[in-house]
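If you want the building blocks of each chain, they are given just below.
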Amino acid sequence: MTIDAVYDPGAAVYDASRTPAGHPVFVVAHGFTGAVDRPHVRRVAQAFARYGAVVTFSFRGHGASGGRSTVGDREVLDLAAAVRWARELGHARVATVGFSMGGSVVLRHAALYGEYGGAGEYGGAGEYGGAEEEYGDAGEGTDVVVSVSAPARWYYRGTAPMRRLHWLVTRPEGRVVGRYGFRTRIHHRDWNPVPLSPVEAVPRIAPTPLLIVHGDADGYFPVDHPRMLAAAAGDQGELWLEPGMGHAEHAASDDLLGRIGEWVVGRAG
């Protein structure tokens, strides 16, 4: 399976005194129905390129990537592959920054690949939808984690946008809309087994630095979600509740993206 990805050397171009190993690379994990070429993803990449190099990619089933979306389950493997690519490009310090679905993926990835270990629940080889995949190569872990607008728990239907999303994912007619309306090919299988939830993943991330960002006007996930994540992180995490902010990439202001970039540089630069 192929994953469509783009590398931007970012700050390395403007600071010749710093090699790739000397500044962080931001690996950006987009939200559901996003893709590497979507304007909101490109805007995020351009903002982070002021602070380091940037790797953007399309999750499986999105855009030009192969496969079908599992809505946050096997997407952990896509992120691990992007991190590995960033390290192969020479970057010693990696920050994973995820939005919405991508925000849940970066949390689970950091828990499962802690200390650059194996892939935890994905150890060895497995089959999903007929495609053999191998997991757990070295160098797929992260040094810093930022999760924006992520859910704390699975199967949440407490808001109208999430009820619409569940229709899109679970109904055959919804998956047709996803494919042709959102360029997102969604797998028809239910999760089996149900993956580690974000709130269960968070305590396993320490001592990797963790930032949780959420808007208090998020129409998908109310503020009990980030508060649950922050409580699970304890002293090992930091929570930013952003006044008036909505959901994910579209709602992240240039100022917020700049503050996230500075926070990452302070911990991974």
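The structure reproduced in this document is the subject of the present report. Quantities reported herein were computed from a predicted structural model and do not represent experimental measurements. (Residues numbered from 1 in each chain as written. Predicted model: local features only at pLDDT ≥ 70, side-chain atom pairs only at ≥ 80, totals over all residues. Heavy atoms only, no water.)

This next bit is on the nonpolar core. Val27, Phe32, Leu210 and Leu229 are the most contacted members of the largest nonpolar core, which totals 44 residues. Residue assignment for this core shows that the elements contributing at least two residues are strand E2 (25-29), strand E3 (53-57), helix H3 (75-88), helix H4 (101-112), helix H5 (160-170), helix H7 (198-201), strand E8 (210-215) and helix H8 (224-233). Core analysis: the second largest hydrophobic core is formed by 27 residues, Val28, Val213, Trp240 and Leu257 among them. (Core = buried A, V, L, I, M, F, W, Y, C linked by side-chain atoms within 4.5 Å. Buried < 20%, exposed > 50% of the residue type's maximum accessible area, 1.4 Å probe, protein only. Helix = DSSP H or I, 4+ residues; strand = E, 2+ residues; numbered from the N terminus.)

A few words on the environment of Met228. Mapping Met228 onto the fold places it in helix H8. Judged by its relative accessible area of 31%, Met228 falls in the partly exposed class. In this structure, the C-alpha to C-alpha distance between Met228 and Ala152, residues 76 residues apart in sequence, is 6.5 Å. In this view, Met228 contacts Ala152, Arg153 and Val199; residues no more than four positions away in its chain are not counted. (Contact = heavy atoms within 4.5 Å.)

As a further point, take the packing of H3 against H4. At their nearest, the axes of H3 and H4 sit 9 Å apart, and the two run at 70 degrees to each other. Judged on the interaxial angle alone, H4 and H3 are roughly perpendicular. For the pair H3 and H4, the contacting residues are Glu75, Val76, Leu79, Ala80 and Val83 in the first and Met101, Val105, Val106, Arg108, His109 and Leu112 in the second. Partitioning the contact of H3 with H4 into residue classes produces eight nonpolar, one polar and two charged. (Axes fitted to C-alpha atoms, helices over the stretch in contact; angles between N-to-C directions. Parallel < 35°, antiparallel > 145°, perpendicular 65-115°, else oblique. Nonpolar A, V, L, I, M, F, W, Y, C, P; charged D, E, K, R; others polar.)

Read across the sheet, seven strands follow the order E1-E3-E2-E4-E7-E8-E9 without closing on themselves; strand pairing throughout is mixed. Strands at the two margins of the open sheet, each flanked by one partner only, are strand E1 (5-8) and strand E9 (237-242). On average, each strand axis in the sheet is inclined to that of its neighbour by 15 degrees, with strand direction left out of account. Of the strand pairs in this sheet, strand E7 (residues 144-148) and E8 are connected by four bridges, and their pairing is parallel. (Pairing = 2+ DSSP bridges.)

Here we take up the side chain of Ser58. Within the secondary structure layout, Ser58 lies in the loop between E3 and H3. Setting aside anything within four residues of it in sequence, one finds Ser58 in contact with Ile3, Asp4, His30, Ala35, Val36 and Ser65.

Residues of helix H2 (residues 39-48) that are buried: His40, Val41, Val44, Ala45, Ala47 and Phe48. Seen from one end, H2 has its buried residues packed into an arc of 160 degrees, which puts them on one side. Facing away from the buried side of H2, by more than 90 degrees, are the exposed residues Pro39 and Gln46. (Arc of directions from axis to C-beta.)

Let us look at a nonpolar patch on the surface. Together, Trp167, Val177 and Phe182 make up a nonpolar patch on the protein surface, roughly 250 Å² of accessible area in all. Among the structural elements, Val177 can be located in helix H6 (residues 172-181). Judged by relative accessible area, Val177 falls into the partly exposed class, the value being 36%. (Patch = residues over 30% accessible without salt bridge, like charges linked within 9 Å, V, L, I, M, F, W, Y side chains within 5 Å. Areas by Shrake-Rupley, 256 points an atom, 1.4 Å probe, with all protein chains shown as cover. Salt bridge = Lys/Arg side-chain N within 4 Å of Asp/Glu carboxyl O.)

This paragraph deals with the packing of aromatic side chains. Considering all chains together, one arrives at six aromatic pairs under this definition. Taking 5.0 Å as the distance between ring centres and 80 degrees as the angle between the ring planes, the aromatic pair formed by Phe57 and Phe59 counts as edge-to-face. Of the two residues, Phe57 and Phe59, neither departs from the other in class, the shared state being buried. (Phe/Tyr/Trp six-rings, centres within 6.5 Å; stacked < 30°, edge-to-face > 60°.)

A few words now on the environment of Arg185. As for its placement among the helices and strands, Arg185 is situated in the loop between H6 and H7. Looking at Arg185, the relative accessible area reads 17%, which means it is buried. Separated by 118 residues in the primary sequence, Arg185 and Gly67 have C-alpha atoms spaced 7.7 Å apart. With sequence-adjacent residues up to four places away left out, Arg185 is seen in contact with Gly61, His62, Gly63, Ser65, Gly66, Gly67, Arg68, Ser69 and Arg179.

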